[in-house]
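# Observations on chain architecture
Spelled out from the first residue to the last, the chains are:
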Amino acid sequence: MKDRVTAFDAAVRPWAERSRINGWAHEFLLFGLKQAWACLFGGLMLALIVGTHLVWPKDAALARYDFLVLASLAIQVSLLALKLERRDEAAVIGAFHVVGTAMEMFKTAHGAWIYPEPGHLKIAGVPLFSGFMYACVGSYIARIWRLMDFRFVRYPPIWTTWVLAVLAYLNFFTHHYGPDIRVGLFAASAVLFGRTFVVFTVDRTPRRMPLLLGFVLVALFIWLAENLGTLAGAWAYPSQRHGWTMVSPAKLGAWYLLMLLSYVLVTAVHRPKRAA
């Protein structure tokens, strides 16, 4: 895929340089291709979830959930073996896998959602492929950061972002026993990142976008993927036990906070650099 993007760029470059409109169209196509390349892990995972839902035999010797665990592990190993993902990135993504699985165990125990299908590769009723779904988010952020050479304007102090991320993660547990502070967390993220711009380079010209807008867009696409995942029966919310319904848009807030946690974890290996 990466070689094809490079070949596409070389072939189309003369056309792109004929006019400004052509240049914009070329940059837009490159943007889409690089986004697709960055989504490799997540795209493959989603394809496996939907594909197995459509064709997996009910009487198969290997449970669908167990196959998804093994396939997810194979994807991660392949990304490392092909040097499409760095070892330090994989370590951070693995950390998000662990914290995500821990949250899955807690949430399913409290009835937030269920995994209705059988499988042997589970912990406390949670299939191990669920952690890879969190890893997909971290993989996307790490890969797009490199592909578009992220730089930042008015980035907040690093320690403040870590405090926010830790509080966001803890709130997923503590709100079951005390006040839910997510509104305060949203406000804190707006205060910290409200003046921050991410500068990214798709082709040759640096572009900039409010970082908060980027966070919201990523959360939106995760929510859309979650709708596909539940439609494919990978897990189910209480409202979906008697038939599929769209995941509540209120879940966008939860995905925003989880995406923020993943983003902060990735900054452990991709230190935010100031834009020139």
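Preceding block: the structure.
Notes on the structure follow. All values derive from a computational prediction rather than experimental measurement. (Residues numbered from 1 in each chain as written. Predicted model: local features only at pLDDT ≥ 70, side-chain atom pairs only at ≥ 80, totals over all residues. Heavy atoms only, no water.)

## A word on the pattern of salt bridges
For the coordinates displayed, the defined rule picks out 8 salt bridges. Between Asp-203 and Arg-13 there is a salt bridge whose closest N-O contact spans 2.7 Å. In this pair, Asp-203 sits in the loop between strand 4 (197-201) and strand 5 (206-210) while Arg-13 sits in helix 1 (residues 2-16), placing the two residues 190 residues apart along the sequence. The residue Arg-86 makes a salt bridge to Asp-88 at a minimum N-O spacing of 2.8 Å. (Salt bridge = Lys/Arg side-chain N within 4 Å of Asp/Glu carboxyl O. Helix = DSSP H or I, 4+ residues; strand = E, 2+ residues; numbered from the N terminus.)

## Looking at the pairing of strand 4
Counting buried positions along strand 4 gives 4 out of 5 residues, so the element sits mostly inside the fold. Relative to strand 5, strand 4 is paired through 5 bridges, and the arrangement is antiparallel. Bridge pairing in strand 5 places Phe-200 opposite Arg-207. Hairpin remark: strand 4 followed by strand 5, antiparallel, with 4 residues in the connecting loop. (Buried < 20%, exposed > 50% of the residue type's maximum accessible area, 1.4 Å probe, protein only. Pairing = 2+ DSSP bridges.)

## Some points on the layout of surface pockets
What the second largest pocket holds in volume is close to 230 Å³. In terms of residue class, the lining of the second largest pocket is built from 6 nonpolar, 2 polar and 3 charged. (1 Å grid on protein atoms, 1.4 Å probe; cavity = no way out; pocket = protein on both sides within 12 Å on 5 of 7 lines; lining within 4 Å. Points joined across faces, edges and corners; volume = space filled by probe spheres on them. Nonpolar A, V, L, I, M, F, W, Y, C, P; charged D, E, K, R; others polar.)

## Let's talk about unusual backbone geometry
The backbone phi angle of Lys-83 is positive, close to 60°, even though this residue is not glycine. Along the chain, Lys-83 falls in the loop between helix 4 (64-81) and helix 5 (87-109). Accessibility expressed as a relative area gives 76% for Lys-83, which makes it exposed.

## Quick word on the state of the cysteines
Under the criterion given, the structure shown has 0 disulfides. With no disulfide of its own, Cys-39 lies closest to Cys-136 among cysteine sulfurs, the gap being 9.5 Å. (Disulfide = S-S within 2.5 Å.)

## Overview of the packing of aromatic side chains
If you walk through the whole model with that rule in mind, you get 23 aromatic pairs. Seen in terms of ring centroids, Phe-96 and Tyr-134 are 5.7 Å apart; in terms of plane orientation they differ by 85°. Their pairing is edge-to-face. Of this pair, Phe-96 sits in helix 5 while Tyr-134 sits in helix 6 (residues 129-147); the two residues are 38 residues apart in sequence, bridging distant segments of the chain. One exposure class covers both Phe-96 and Tyr-134, and it is buried. For Arg-143, the ring lying beneath its charged end belongs to Trp-37, and the centroid distance is 5.1 Å. (Phe/Tyr/Trp six-rings, centres within 6.5 Å; stacked < 30°, edge-to-face > 60°. Lys NZ or Arg CZ within 6 Å of the ring centre and 35° of its normal.)

## Here's the deal with the nonpolar core
Formed by 72 residues in total, the largest nonpolar core has its most connected members in Phe-129, Phe-215 and Tyr-263. Apart from residues lying up to four places away in sequence, Phe-215 is in contact with Phe-193, Tyr-256, Met-259, Leu-260 and Tyr-263. (Core = buried A, V, L, I, M, F, W, Y, C linked by side-chain atoms within 4.5 Å. Contact = heavy atoms within 4.5 Å.)

## Here we look at a nonpolar patch on the surface
The grouping of Trp-159, Val-163, Val-166, Leu-167, Leu-170 and Ile-181 at the surface amounts to a nonpolar patch, some 550 Å² of accessible area in total. Within the secondary structure layout, Trp-159 lies in helix 7 (residues 158-174). By relative accessible area, which is 60% here, Trp-159 ends up exposed. (Patch = residues over 30% accessible without salt bridge, like charges linked within 9 Å, V, L, I, M, F, W, Y side chains within 5 Å. Areas by Shrake-Rupley, 256 points an atom, 1.4 Å probe, with all protein chains shown as cover.)

## A look at the environment of Lys-251
Position of Lys-251 relative to the elements: it lies in helix 10 (residues 251-266). The spacing of Lys-251 and Trp-223 is 28 residues in sequence and 7.3 Å in space, taken between C-alpha atoms. Leave out the neighbours within four places in its chain, and Lys-251 touches Trp-113, Trp-223, Glu-226 and Tyr-237. In this structure the side chain of Lys-251 is engaged in a polar contact, spanning 3.3 Å, whose partner is the side chain of Tyr-237. (Polar contact = N/O pair within 3.5 Å; in protein donor to acceptor, adjacent residues only side chain to side chain.)

## Quick notes on helix 8 (residues 182-193)
The end-to-end C-alpha distance of helix 8 is 16 Å, a good match for the 16 Å that 12 residues give at a rise of 1.5 Å each. Looking at the buried side of helix 8, the elements it contacts are helix 7, helix 9 (211-231) and helix 10. (Expected span 1.5 Å × (residues − 1).)

## As for the environment of Ala-91
Within the secondary structure layout, Ala-91 lies in helix 5. Of the residues examined, Ala-91 reaches a relative accessible area of 52% and is grouped as exposed. Ala-91 sits 175 residues away from Val-266 along the chain, and the two C-alpha atoms are 9.8 Å apart.

## Thoughts on the packing of helix 3 (residues 40-55) against helix 9
Two numbers describe how helix 3 lies on helix 9: the axes approach to 9 Å, and their chain directions differ by 25°. Here helix 3 is positioned roughly parallel relative to helix 9, judged by the angle of their axes. In this structure, helix 3 meets helix 9 at a crossing whose hand is left-handed. Contact residues: Leu-46, Ile-49 and His-53 in helix 3; Ala-225, Leu-228, Gly-229 and Leu-231 in helix 9. Its residues placed into classes, the contact of helix 3 with helix 9 shows 5 nonpolar, 2 polar and no charged. (Axes fitted to C-alpha atoms, helices over the stretch in contact; angles between N-to-C directions. Parallel < 35°, antiparallel > 145°, perpendicular 65-115°, else oblique. Left-handed = near helix turned anticlockwise from the far one by under 90°.)

These results come straight from atomic positions and should not be treated as a statement about function.
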